[in-house]
Each structure stands twice: as structure tokens, then as C-alpha cells.
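Each chain, letter by letter, is given below.
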Amino acid sequence: MQTVGHSEHTLKTALISKNPELVKQYEQLDPGEQRLLNEAFRPHSDLFGPITLHSPSDWIISHPEAPQDFEQFFSNLHRKSPSPGKQTIYIQCIGLLGNTRSISEEYLKWLKGYCEAFFYGLTVKLLEPIPVSATRCSFRINDSTLNLQIHAGQILTFLKKKKPEDAFCVVGVTMIDLYPRDSWNFVFGQASLTEGTGQVD
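What comes next is a walk through the structure. Note that this is a predicted model, so its numbers are computed, not measured. (Residues numbered from 1 in each chain as written. Predicted model: local features only at pLDDT ≥ 70, side-chain atom pairs only at ≥ 80, totals over all residues. Heavy atoms only, no water.)

Looking at the sheet that holds strand S5 (residues 139-141)
Across the sheet, which stays open at both edges, the three strands sit in the order S5-S6-S8 with mixed pairing between neighbours. Edge strands, defined here as strands with exactly one partner in the open sheet, are S5 and strand S8 (177-179). Across the sheet, the axes of successive neighbouring strands diverge by a mean angle of 35 degrees, strand direction being ignored. Where S5 lies against strand S6 (residues 148-151), three bridges are found, and the strand directions are antiparallel. Residue pairing across strands places Ile141 opposite Leu148, the latter belonging to S6. Relative to the sheet, helix H7 (residues 152-162) contacts S6 and S8, its axis offset from that of S6 by approximately 55 degrees. (Pairing = 2+ DSSP bridges. Helix = DSSP H or I, 4+ residues; strand = E, 2+ residues; numbered from the N terminus. Axes fitted to C-alpha atoms, helices over the stretch in contact; angles between N-to-C directions. Contact = heavy atoms within 4.5 Å.)

Pasting the structure below:
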């Protein structure tokens with residue numbers, strides 16, 4: 001097995017920026033927030049632990065991509081930023097996430113808490129769960145797995161129509177397989193860079 005890790009120098013080079021806008025934002029953080037960011041520079045930090053690659057089919061090996069540091073991410077013209085009046089992440093559950101409604105609700109509470117921690121400073125709200133039939137999306141039975149699958153692109157259209165006015169984005173979550181087009185076997189998720197919508201299964 002191969003392990004992907006980074007030295008303290010590499011992490012600092014990737015995370016520290018001389019961009020005046022980013023420097024100003026860092027200076028406005030309180031001491032606790034600054035300690036949290038500084039923790040990321042330690043090679044053995046829980047925030048940036050090594051990634052173990054188990055097989056040649058792992059994503060990093062099978063989908064090579066150019067590295068991206070934080071300043072490149074920050075300067076990306078396609079990056080969508082929260083704005084005044086649009087600082088809420090909405091989560092739309094489509095179908096149950098477990099065998100019962102109570103299990104599904106537990107998963108959603110955990111997901112809400114994770115999003116609040118990861119997207120610090122944004123509000124996270126749960127929309128009322130809906131059955132798959134409410135989306136009125138196309139579906140199919142996969143020839144290989146015989147699993148029900150719903151059309152990912154049409155889910156995006158549905159979420160766009162349901163997106164509240166104060167939403168930074170709305171995310172659909174489902175345990176049902178997704179497919180983006182007839183020629184594809186499945187897809188893990190799909191998102192729109194411009195509409196602030198997305199879904200994962």
C-alpha cells in the first residue's frame with residue numbers, strides 16, 4: 001500500500017499566502033481560530049493525516065490531477081463565495097437514509113453538525129425530507145446491479161427550483177443510485193458551479 005503525506009514545509013507552502021486579502025482575513029481570526037489553522041501545519045496533525053492508497057483503482061491514482069494550493073483555490077474564478085443575505089447551506093433529504101425515519105433523522109443531524117464545523121461561519125438548515133417520487137425525475141433500473149437509479153441532472157433542476165432566497169447553496173442527499181446520462185453506469189454526485197446546487201448518494 002502507498003501512503004501520501006506531506007512535510008511541514010510543504011503544508012506551510014501550500015496553506016500560507018502573501019495575498020493581502022487572505023492575510024487580512026487571517027489577522028481578523030480570533031486566537032482560537034488561529035491555533036486551529038496552525039495545527040494544520042504539523043505533519044502528524046489529525047486535520048491533515050496521511051492518505052493510504054489501497055489499490056490502483058483509488059481515485060488519486062486512477063484520476064491524476066495537478067496539485068492546487070490554497071491561494072489557487074481562493075483565486076479561482078469559478079469559486080462561489082457567500083454574500084450578505086446568502087449565507088445558509090440547505091440540505092434536502094430525498095428518500096430515507098436508513099431503514100427507518102428515526103435512523104434517517106440521526107444521519108441528517110450528524111451531517112448538519114459536520115457541515116457547520118467544516119463550513120465554519122455559515123448557517124446550515126435541514127429542509128423537510130421528501131420521497132423520491134416528489135422530484136418527478138426520470139429513473140431506470142440498472143442492467144448490472146438491478147438497482148433503482150434516478151437522473152442526476154434532473155435532480156439538480158429540481159433543487160434549483162426549491163432553492164430558498166437566502167441560500168448559499170442547496171444540497172440533495174439520497175441513498176438511491178444516481179446516473180448522469182444513459183451511457184453511464186452510475187455517478188457518486190453532481191453539482192452546478194453557477195447555480196449553487198448539488199447532490200450526492
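Considerations on the packing of aromatic side chains
The tally for this structure, following the rule as stated, stands at six aromatic pairs. Between Phe70 and Phe73 the ring centres are 5.8 Å apart and the planes differ by 45 degrees, which places this aromatic pair in the tilted class. With Phe70 and Phe73 both in helix H5 (residues 70-75) and three residues apart, this pair spans about one turn of that helix. On the basis of relative accessible area, Phe73 is assigned to the partly exposed category, the value being 37%. When the centroid spacing of 5.2 Å and the interplanar angle of 80 degrees are considered together, the rings of Phe186 and Phe188 count as edge-to-face. Three or more aromatic residues link up through ring pairs in this structure, and these residues are Trp110, Tyr114, Phe118 and Phe119. If you follow Arg79 out to its NZ or CZ, it ends over the ring of Phe73, 5.5 Å from the centre. Taking NZ or CZ as reference, Arg140 lies 4.1 Å from the ring centre of Tyr179, over its face. (Phe/Tyr/Trp six-rings, centres within 6.5 Å; stacked < 30°, edge-to-face > 60°. Buried < 20%, exposed > 50% of the residue type's maximum accessible area, 1.4 Å probe, protein only. Lys NZ or Arg CZ within 6 Å of the ring centre and 35° of its normal.)

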